[in-house]
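# A structural walkthrough
Single-letter residue listing:
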Amino acid sequence: MIRKLKRNVSRIMATVTLLALASSSLAGSIRLLPHAQIGKSVVVLADIAEISVADEELKSSLAELDLGPAPEKGQSRWIDLSDIKDRLYRRGIRTNDLEFSGSRRVEVTCGEADPKTPSENQGLNTWREAIIRVVHDSLNGDSFPLLKNGCRLEDIRIRTEADRACSYLTEHRVDEWHLIAPTQWQEGWQEILLEIDDRGEMVRFPIRILIAPARQVVALRAPIKQGKKLRAEDVTLVTEELADEPKEYVHKIEL
């Protein structure tokens, strides 16, 4: 019994050590925004992402990474995370040394717009993000009790299923819209109403909202062959996102 307890303690200590070493080995992080409006001819990484890197030379190289031409006025362009990683690789920048979070695709449009009233041509994804921002702005200790139990607002992740409502908002020029939300949000999925004032006619759509805290998990930087010794530089901490598909670099670890 004592011998088994010692083995379990040793495994826990090994995991904690790996987490600490992996966290300190990262060069920095890049958080992709869901949408960016720019008014110039070329898109660079700094236009569509929040870059947190201590090394100033690396930070400058990341910020100035050329992502191609900007869309024409009234049009949009999508930039995928995989494309960004490919461009970084061609510049000789190791993507394994960076933590990526946020959106997996960024919609880039030309010009400026009110984030809560996106123009018609900005697409369904922009309206989803507008709804998510409204929900996020409504969260506090009174409306979301989890925040009173040590959870930080910046660690909350929100997702919505609102295709019918977003299609309607995309196709119509609405005067006003708002969410009919509960006095208290719950962790997990919940159904609410989105109400639209369409030239005096009130239109309502049921939508679903998912609210959950993000969690940090241990992940391998790359697949490891069975039997190979696990080193500190092989693992990292990543933040679980509410994504439709798992991150491609997250793999199961058994100690």
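Residues numbered from 1 in each chain as written. Predicted model: local features only at pLDDT ≥ 70, side-chain atom pairs only at ≥ 80, totals over all residues. Heavy atoms only, no water.

Counting its regular elements, the protein contains six helices and 14 strands. Looking at the protein as a whole, 36% of its 255 residues qualify as buried. When the accessible surface of the protein is totalled, it reaches about 15,300 Å², and 49% of it is carbon and sulfur. (Helix = DSSP H or I, 4+ residues; strand = E, 2+ residues; numbered from the N terminus. Buried < 20%, exposed > 50% of the residue type's maximum accessible area, 1.4 Å probe, protein only. Areas by Shrake-Rupley, 256 points an atom, 1.4 Å probe, with all protein chains shown as cover.)

Here the focus is the confidence of the model for the protein. Scored by pLDDT, the protein has a mean of 77; 77% of the residues are at 70 or more. Across residues 113-121, where pLDDT falls below 50, the model places 19 contacts with residues more than four positions away in sequence or in other chains. When the criterion is pLDDT under 50, residues 242-255 qualifies, and its contacts beyond four places in sequence or with other chains add up to 37 contacts. (pLDDT = per-residue confidence, 0-100. Contact = heavy atoms within 4.5 Å.)

Another point: the pairing of strand 6 (residues 76-80). The two faces of strand 6 differ: Arg 77 and Ile 79 on one face are buried, but Ser 76, Trp 78 and Asp 80 on the other face are not. Sheet topology places strand 6 next to strand 8 (residues 105-110); five bridges connect them, and they run antiparallel. Within strand 8, the residue paired with Asp 80 across the bridge is Arg 105. (Pairing = 2+ DSSP bridges.)

We now examine the packing of aromatic side chains. Under the criterion given, the structure shown has two aromatic pairs. Seen from their ring centres, Tyr 168 and Phe 205 are 5.3 Å apart, and the 55 degrees between their planes marks the pair as tilted. Of this pair, Tyr 168 sits in helix 6 (residues 163-171) while Phe 205 sits in strand 12 (residues 201-213); the two residues are 37 residues apart in sequence, bridging distant segments of the chain. Sitting over the face of the ring of Trp 189, Arg 208 holds its NZ or CZ atom 4.3 Å from the ring centroid. (Phe/Tyr/Trp six-rings, centres within 6.5 Å; stacked < 30°, edge-to-face > 60°. Lys NZ or Arg CZ within 6 Å of the ring centre and 35° of its normal.)

Position of Arg 104 among the secondary structure elements: in the loop between strand 7 (98-102) and strand 8. The partly exposed category is assigned to Arg 104, whose relative accessible area is 29%. The spatial distance from the C-alpha of Arg 104 to the C-alpha of Ser 82 is 8.3 Å, given a sequence separation of 22 residues.

Moving on, we get to the sheet that holds strand 8. Strand order in the open sheet formed by three strands is 2-8-6, and the pairing between neighbours is mixed. Two strands lie at the open edges of the sheet, namely strand 2 (35-38) and strand 6, each paired on one side alone. Within the sheet, the average angular offset between the axes of one strand and its neighbour, ignoring direction, is 25 degrees. (Axes fitted to C-alpha atoms, helices over the stretch in contact; angles between N-to-C directions.)

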